[in-house]
Amino acid sequence: MTPSNANPPNRTEPDMNHNHKPDIRKANVCPPLPKGATALDKGVYWLGIGLGSGLPKRAPGTWGTVGGLIVALPLLQLGFITFFMVTVMASIVGVWICGRTSDLMQVHDDPHIVWDEWVGMWISLLPLSFIITYLPQHLSLSLYGAAIVLAFILFRFFDIAKPNPVKWADSKLSGGLGIMMDDILAGIMALVAWLMIVASVEMFYPL
């Protein structure tokens, strides 16, 4: 007779089968799609890994952020309202995308899941999107490039350093929400820091 507390051989609950997050300081291979994955799961998986931008073995979060930035460049030209709505929708849908990709990989918050980096990068670019739309006369090509680089650096800093509340969200929240929330908070912190730096520069060196 099988003991009542024995685990079924093919148990698939995420909390039981998910491996620990790999050491991001080392090179890690992106977990492949399981055999027999549906077309929907394949699409979700590719969104989760940032259309391939999260595939590199080293620093997938940084490469994923670069991928998100590249996608953001044409989106910024659509106007602030459109870019804002896309960012909000990507944040909401991203909870499911990241959660499902994590289930497919059987690793919680694998570093190759970078949809959250995409969203965090987009959040940090919201002030720039506003300026492009409503104050384009204050933005030269060189300032545009500098503003993008600054947003990228700030987001990567907060995403890697994980000051509270980013650290709290990363350690306390689980599932797709946990994967997304720390990057959303890092993006918000980068946004605030970006505004403070730009305001300080404008104070001493008016454009």
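Please read all numbers here as calculations on a predicted model, not as lab measurements.

Undergrad: I keep staring at the confidence of the model for the chain and nothing clicks. Help me out?
TA: Any region with low pLDDT has predicted coordinates that should not be read closely. Looking at the chain, the pLDDT average stands at 89 and 87% of residues meet or exceed 70. Mean pLDDT across the elements of the chain bottoms out in helix H1 (residues 14-17) (44) and peaks in helix H5 (residues 115-124) (98). The model gives residues 1-16 a pLDDT under 50, and that stretch makes five contacts with residues more than four places away or in other chains.

Undergrad: Hey, could you run me through the nonpolar core in this one?
TA: Note on soluble globular proteins: their nonpolar side chains tend to be buried together. Counting residues in each nonpolar core, the largest one holds 47 residues, and the members touching the most others are Phe83, Trp115, Met121, Trp122, Leu125 and Leu128. Mapped by element, the contributors of at least two residues to this core are helix H2 (39-48), helix H3 (60-76), helix H4 (80-105), H5, helix H6 (126-134), helix H7 (141-161), helix H8 (166-172) and helix H9 (175-204). Here this core takes nine residues from H9, the largest share from any one element. Setting aside residues up to four positions removed in sequence, Trp115 forms contacts with Leu47, Gly48, Ala90, Gly94, Ile97, Cys98 and Met180.

Undergrad: Explanation requested: the UniProt feature "transmembrane region" (unreviewed entry) in the chain in the structure shown.
TA: Listed under "transmembrane region" (unreviewed entry) in the UniProt record, and renumbered for this structure, are residues 75-97, 118-135, 141-158 and 179-201. From the first C-alpha to the last, residues 75-97 spans 20 Å; its make-up is 87% helix and 0% strand.

Thresholds applied
- Residues numbered from 1 in each chain as written.
- Predicted model: local features only at pLDDT ≥ 70, side-chain atom pairs only at ≥ 80, totals over all residues.
- Heavy atoms only, no water.
- pLDDT = per-residue confidence, 0-100.
- Helix = DSSP H or I, 4+ residues; strand = E, 2+ residues; numbered from the N terminus.
- Contact = heavy atoms within 4.5 Å.
- Core = buried A, V, L, I, M, F, W, Y, C linked by side-chain atoms within 4.5 Å.
- Buried < 20%, exposed > 50% of the residue type's maximum accessible area, 1.4 Å probe, protein only.
- UniProt positions renumbered as here; feature names shortened; annotations may be inferred.

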